[in-house]
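# Understanding the architecture of this molecule
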Amino acid sequence: MKKRVVVALGHRALGTTLPEQKTAVKNTAESIADLIAQGYQVAITHSNAPQVGMIHTAMNEFGKSHDNYTPAPMSVCSAMSQGYIGYDLQNGIREALLNRGIYRTVSTILTQVIVDPYDEAFYTPTKVLGRYMSADEANEERKKGNYVIEEAGKGFRRVVSAPNPVKIVELDAIKALLDADQVVIACGGGGIPVLEQDNHLKGASAVIEKDLTAGKLAEGINADELIILTSVDQVCLNLGQSNEQKLGEITAAQAREYMEQGHFGIYNMFPKLQAAVEFIEKRGGRSALITSFDKAKEGPHAKTGTIIHG
């Protein structure tokens, strides 16, 4: 049996603009192809913060300037970002594999993720989105029920909630493709956030932390390993201080203890550790790797990076 791994791609693996994304995806595809060539079954998820912000701004501005067009809700913007990032990724990975003489179908699944309408995150939005607005524009957003913050000297920006992922709607489809030894790109940007209302799924005005969804995806497909790629080689305690300590190999229990001690800012490294620990604690024999994009091709065999095990 092949080992099954989930790879969560951070911002650096995708770039920000369309030209940057084209270039970044070429390198990312090679790293993913390295893992597949080593015999791993691979599911990929990715960030989408710059992309979904760009789409949200573009759709809203277009709606303001053209009669009979309306702004696009966050859930629709998230779906758009999954589509166009997945398009570049699946073609890049397919090409990298064929160049190595490996034929494997690569598919993108537009993935919805159910969130809890009573999640406390809905009362304390934290994710800044879109362009800077004037005071008048900010007031219009508030009238719609949206949250807005002011950045001194710059203007106002919209802020959305980041609820926890509860359930991946298309999980069965993802598992079926992996069981057929295909490469799957899913849960992009943490998934399209939806609220379950009987048989209806209603888009939520939110974004989901992609690392938490990556952990849930890894659990759902019964993966052996979770690889989270970020901007640093290793997780550190006391980052940037004189007593900074890089973490090599640690247990899930140690990681949880560090989290409880208040290490790892809640909006950067904390979700990565949380996803890794929860994934590992669900079943014995699992591991997680947190490292930089440059080390991706080394995968679970990385000589750098922070490795977490049970």
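Structural data are supplied above this passage.
This report concerns the structure included in the present document.

What counts as what
Residues numbered from 1 in each chain as written. Predicted model: local features only at pLDDT ≥ 70, side-chain atom pairs only at ≥ 80, totals over all residues. Heavy atoms only, no water. Helix = DSSP H or I, 4+ residues; strand = E, 2+ residues; numbered from the N terminus. Buried < 20%, exposed > 50% of the residue type's maximum accessible area, 1.4 Å probe, protein only. Contact = heavy atoms within 4.5 Å. Polar contact = N/O pair within 3.5 Å; in protein donor to acceptor, adjacent residues only side chain to side chain. Core = buried A, V, L, I, M, F, W, Y, C linked by side-chain atoms within 4.5 Å. 1 Å grid on protein atoms, 1.4 Å probe; cavity = no way out; pocket = protein on both sides within 12 Å on 5 of 7 lines; lining within 4 Å. Points joined across faces, edges and corners; volume = space filled by probe spheres on them. Nonpolar A, V, L, I, M, F, W, Y, C, P; charged D, E, K, R; others polar. Pairing = 2+ DSSP bridges. Axes fitted to C-alpha atoms, helices over the stretch in contact; angles between N-to-C directions.

Residue position: R104 is located in the loop between α3 (74-98) and β3 (106-109). Using a relative accessible area of 18% as the deciding quantity, one classes R104 as buried. On a C-alpha basis, the gap between R104 and D119 in space is 39 Å, while along the polypeptide they are 15 residues apart. With residues near it in sequence (within four places) discarded, R104 still touches K2, I36, L97, D181, Q182 and V183. From its side chain, R104 meets the backbone oxygen of D181 in a polar contact 3.2 Å long.

Grouped burial of nonpolar side chains is what soluble globular proteins tend to show. Counting 44 residues, the largest nonpolar core has V6, I174, L217, I221, F264, L273 and I308 as the members making the most contacts within it. Apart from residues no more than four positions distant in its own chain, V6 is found in contact with A43, A214, L217, A218, I221, A223, E225, L226 and I227. Core analysis: the second largest hydrophobic core is formed by 27 residues, V7, L35, L289 and F293 among them.

Time to look at empty space enclosed by the protein. In this approach a probe as big as a water molecule rolls over the atoms, and the regions it shows empty are the leftover space. On inspection of all chains with the given rule, the structure shows two cavities of 30 Å³ or more. Forming the walls of the largest cavity are H56, T57, N60, E61, K64, L129, G130, R131, M133, E141, R157 and R158. Taken together, the elements giving at least two residues each to the lining of the largest cavity come down to α2 (49-65), β5 (127-133) and β7 (155-160). Looking at the lining of the largest cavity element by element, the count peaks at five residues for α2. Classifying every residue of the lining of the largest cavity gives two nonpolar, four polar and six charged.

What follows deals with the sheet that holds strand β10 (residues 192-197). If you trace the four strands from one edge of the open sheet to the other, you get β8-β4-β10-β11, paired in mixed fashion. Here the strands that pair on one side only, and so sit at the sheet edges, are β8 (165-168) and β11 (200-203). The sheet shows a mean angle of 45° between the axes of neighbouring strands, taken without regard to direction. The pairing of β10 with β11 spans four bridges and is classified as antiparallel. Among the inter-strand pairings, E196 is bridged to a residue of β11, identified as L201.

Pairing within the open sheet is antiparallel, and its three strands lie in the order β5-β7-β6. One side of each edge strand has no neighbouring strand; the edge strands of this open sheet are β5 and β6 (147-151). Direction aside, neighbouring strands of the sheet carry axes that sit 35° apart on average. Note that β5 and β7 share four bridges and pair antiparallel. Bridge assignment links K127 to a residue of β7, and that residue is V160. Contacting β5, β6 and β7, helix α4 (residues 135-143) runs over the sheet at an angle of about 135° to β5.

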